[in-house]
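Analysis of the macromolecular model
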Amino acid sequence: MKIITKYIFLLSFFLSSSLIISSCEPNEDEEIAVPKPRAYLRIDLPKSSYQLFDSAFPYQFEYSKLATIEIDREKNAEPYWINIQYPSLGATIYLSYKRINKNLNSYKNDAFGFANKHTAKADDIEESNIYDPSVPIFGKIYDIKGVNVACPYQFWLSDSTSKFIRGALYFNNKPNNDSLAPVIQFVKKDILHLINTFDWNKNIK
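Throughout what follows, the structure given in this document is the object of discussion. Starting from 1, residues in each chain are numbered consecutively following that chain's sequence as written. Where local features are concerned, this predicted model is filtered to residues with pLDDT of at least 70; where side-chain atom pairs are given and counted, the filter is 80 or more; whole-chain, interface and lining totals use all residues. Derived side-chain values reflect all non-hydrogen atoms in the structure, with water molecules and hydrogen atoms excluded from consideration.

On to the nonpolar core, then. Formed by 35 residues in total, the largest nonpolar core has its most connected members in Tyr 59, Phe 61, Ile 84, Val 187 and Phe 198. Elements are defined by DSSP. Helices are runs of H or I of four residues or more, strands are runs of E of two residues or more, and each kind is numbered from the N terminus. Elements supplying a minimum of two residues to this core: β2 (59-64), β4 (82-86), β5 (91-99), β7 (137-145), β8 (153-158), β9 (163-171) and α3 (181-196). The element best represented in this core is α3, accounting for seven residues. Should any heavy atoms of two residues lie within 4.5 Å, those residues are counted as being in contact. Setting aside residues up to four positions removed in sequence, Ile 84 forms contacts with Phe 61, Tyr 63, Ala 67, Thr 68, Ile 69, Ala 91, Thr 92, Ile 93, Leu 95 and Leu 194. Only buried Ala, Val, Leu, Ile, Met, Phe, Trp, Tyr and Cys residues count toward a nonpolar core, and they belong to the same one when joined by side-chain atoms within 4.5 Å. Note on classification: 1.4 Å probe, protein chains only; a residue is buried when its accessible area is under 20% of the maximum for its type, exposed when over 50%, partly exposed between these limits. Ile 100, Leu 104, Tyr 107 and Tyr 142 belong to the second-largest nonpolar core, a separate cluster that totals 11 residues.

Here Thr 119 lies in the loop between α2 (104-116) and β6 (124-132). For the pair Thr 119 and Val 149, spaced 30 residues apart in the sequence, the C-alpha separation amounts to 8.7 Å.

The subject of this paragraph is the sheet that holds β6. Between any two strands, pairing holds if DSSP finds at least two bridges. Pairing is antiparallel across the open sheet formed by seven strands, whose spatial order is β3-β4-β5-β9-β8-β7-β6. The open sheet has two edge strands with one neighbour each: β3 (68-71) and β6. Geometrically, the sheet is characterised by an average inter-axis angle of 15° between neighbouring strands, direction not taken into account. Strand direction decides the pairing type here: β5 and β9, joined by nine bridges, are antiparallel. By the bridge assignment for β9, Lys 98 is matched with Phe 164. Against the sheet, α3 touches β4, β5, β6, β7, β8 and β9, its axis set at about 5° to β8. Orientation is described by lines fitted to C-alpha atoms, with helices fitted over the stretch in contact, and by angles between N-to-C directions that extend from 0 to 180 degrees.

Keep in mind that these numbers describe shape and distance, not what the molecule does.
Listed below in structure tokens is the structure:
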């Protein structure tokens, strides 16, 4: 009786296993679900157009018509510090201005230090020199590559004797530069336009 019970149990076990396995086998007519690749929202960007920022400041330039300019009201802000804000893109270009008093190298080192802070999350930092003696203006651009970099673009400009300005691009949301790539490239182009149209106001020191 015990032996018969054992064989009946084994038979039941194999039959159940066969049913389970057969139920798991895909039907030829059945579609197998495949995970879809990660996608990002499509961002439609308008054609670039610009306007002149020309006021009682020591500098002037052309900036995007998508942007607005606000005076920096932060506690540590100094005169002529401004924020170029893109409300529709969640981006801001922060501009800080300094007077040079035999301390140009100090400001240049600070600018390099601010860019270098992102090294831990950057894949690469590309540096480009700016030089136009007719303005006069010279400086440097830091193009900071990396998915999780909070500030993908920085630059500084100077006349080498009395004026220095530093710019930095930030976004309001958590860094994900794969999804933000089109917007970053769009604003980078605006920054290059800003630099190419930049001039010092000779009447204001």
